[in-house]
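# Fold and contact review
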Amino acid sequence: MQAFVRWRPLSSSESPNTEIERSSTLQDNSRFSTSIVCQSSPSRDRSWNSSNCFSRIFEASDGNRKVFETVVEPTLPQVLSGGTCNFFAYGHSGSGKTHTIIGYDYENPDQFGLCLAAAYSLYGTLEDLNAAQKPNGEIKKEGNMLGIGIRMYEMRKNTAFDLLNERRECYVREGPDGRVHIRGETEMLEGGKVRVRPVVTRACWNFDDLRRELQVGLQLRATGSSTVHDQSSRTHAVLELEIVTKSLLDARDAVIERESEFVPVAKRATDVYLEESANAYIKTPEGKYVVNPDCPPDQERIDAAEKEKEKFESYVKQAEAHAREIFESHSQKCLGGKLVFVDLAGSEYYHGKATSSSFAAKMTPQERQEGRQINTDLLALKEVIRARALNHTRIPFRSSPLTMVLREHFSASTNSQSAMILTVSPSSEQFAATMNTLKYGNLVGVAGGETATALKK
């Protein structure tokens, strides 16, 4: 995984006389090392030096456009080939993570965050691909128009919230196939049907639609007090952009509907088997269960229920096969290509000046507990990244709900298709947090550098 450093400008409330002294050097391995020094008083100075592990260091004068062109744009060919690329923003509260991933100006393309900038670029290519499918202005095959499906949810403690579905609470579950699913609450429908929907995918056929959906989701994101300010993002926000068609989304919905029909039929088959098995045995005075000679199990009834179950199970398999067929038969290999942007919650460091600040005093015990959970998630993420980069046989995805959710995205990508942007503050008051952020990135970048060296050999 590539590691990038991005320095934010000093804010209007921060004194320019307290700025961290910093320098960077391009090393022989085409990576950068960085050094930081904080002279808080004549008698005390603090410093730290990194390894040769950073792919690029962005200064405060570098805008979002420069970051996009360096970090994300080179990976778009991978996405247009059907691949998956992951991007993380890591740093302490107030360091510029959300500004980097999402941005605050939704009108000026040069100020877009990485997510919007990537979508803006992809739509330009998709328009050309769609035009190639339009003889005389019409799509050759109905439902084949390429667009972008957006999913947006946040992780808070052990729960996910669907930001494009009124912030519905969802649950992280690992299925029998080993895949991790984010599912909403169970819906009880007519006829005994049981439906459990995944996180909502909003199909957007142009950039304006996607921008609108993104803004709707952002309004529902949770904030709270941190050791830096009282409107910090206290959740990990995950934004997924997937190249889709209407036919593919309809086929996926059909799978969910067939599953909802299958559930009551499967339950009835189980109930019939249990009823017949219960009637086939009687309890003796000694407390033992023996076969009831007067009431043998009705095998015909059991077989009929199982036959009905197999029929509805086959409907589910047919729907799944149809979804795979649409995916595999589409003329454009970009279908299913995915970009995953993760705006990580602000890391917290409970020591020194930060914990005695007025902002820290505002934090409730619940918010402090959330801060500890955030740090646990971030530690687990680092260990997953390092284990993957070093080709460990065991990847600790189960260490936290966040890494469980990201497991599929990691598995679908290579380390060369992933990047972490370390956002840091130049203020000396945040020196400890900045140093810890760079240390975190140093561990990630060193592992990535070792993998790159091994691949070259």
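Bear in mind the structure is a predicted one, so any value in this text is a computation, not a measurement. (Residues numbered from 1 in each chain as written. Predicted model: local features only at pLDDT ≥ 70, side-chain atom pairs only at ≥ 80, totals over all residues. Heavy atoms only, no water.)

What follows concerns the overall build of the protein. Summing up its helical and strand segments, the protein has 13 helices and 20 strands in all. Taking all 457 residues of the protein together, 48% fall into the buried category. Considering only contacts within the protein whose residues lie at least 6 apart along the sequence, 70% involve residues at least 24 apart. Accessible area of the protein: about 22600 Å², with a carbon and sulfur share of 48%. (Helix = DSSP H or I, 4+ residues; strand = E, 2+ residues; numbered from the N terminus. Buried < 20%, exposed > 50% of the residue type's maximum accessible area, 1.4 Å probe, protein only. Contact = heavy atoms within 4.5 Å. Areas by Shrake-Rupley, 256 points an atom, 1.4 Å probe, with all protein chains shown as cover.)

This part takes up the environment of R151. Here R151 shows up in strand 7 (residues 146-156). Taking relative accessible area as the criterion, R151 reaches 9% and is therefore assigned buried. Sequence separation between R151 and R202 is 51 residues; the distance between their C-alpha atoms is 6.7 Å. Non-local contacts of R151, meaning those with residues more than four positions away in its chain, are made with L164, V199, V200, T201, V238, L239, E240, E242, R252 and K338. Polar side-chain contacts of R151 include one of 2.9 Å to the side chain of T201. Of the polar contacts made by the side chain of R151, one reaches the side chain of E242; its length is 3.0 Å. (Polar contact = N/O pair within 3.5 Å; in protein donor to acceptor, adjacent residues only side chain to side chain.)

Attention now goes to a nonpolar patch on the surface. A surface patch of nonpolar side chains, amounting to about 370 Å² of accessible area, comprises Y281, Y289 and V291. Tracing the backbone shows Y289 in strand 18 (residues 289-291). The class of Y289 is exposed, set by a relative accessible area of 59%. (Patch = residues over 30% accessible without salt bridge, like charges linked within 9 Å, V, L, I, M, F, W, Y side chains within 5 Å. Salt bridge = Lys/Arg side-chain N within 4 Å of Asp/Glu carboxyl O.)

Positive phi values are uncommon outside glycine, yet E166 reaches one of about 60°. Position of E166 among the secondary structure elements: in the loop between strand 8 (159-162) and strand 9 (168-174). If you check the backbone angles, R167 has positive phi at about 60° while not being a glycine. With respect to the helices and strands, the residue R167 is situated in the loop between strand 8 and strand 9. Given a relative accessible area of 25%, R167 falls into the partly exposed group.

Under the feature "binding site: ATP" (unreviewed entry), the UniProt entry names G91, H92, S93, G94, S95, G96, K97 and T98. Along the chain, H92 turns up in the loop between strand 6 (84-90) and helix 3 (97-101). Classification of H92 by relative accessible area gives buried; the value is 1%. With respect to the helices and strands, G96 occurs in the loop between strand 6 and helix 3. (UniProt positions renumbered as here; feature names shortened; annotations may be inferred.)

Attention now moves to the environment of R183. When you line up the elements, R183 lands in strand 10 (residues 180-183). The contact partners of R183, leaving out residues within four places of it in the chain, are C170, Y171, V196, R197 and P198.

To continue, consider the side chain of S260. Structurally, S260 can be placed in helix 6 (residues 246-279). Taking the relative accessible area as the measure of exposure, S260 reaches 0% and is therefore buried. The residues touching S260, leaving out its near neighbours within four places in the chain, are K193, V194 and R195.

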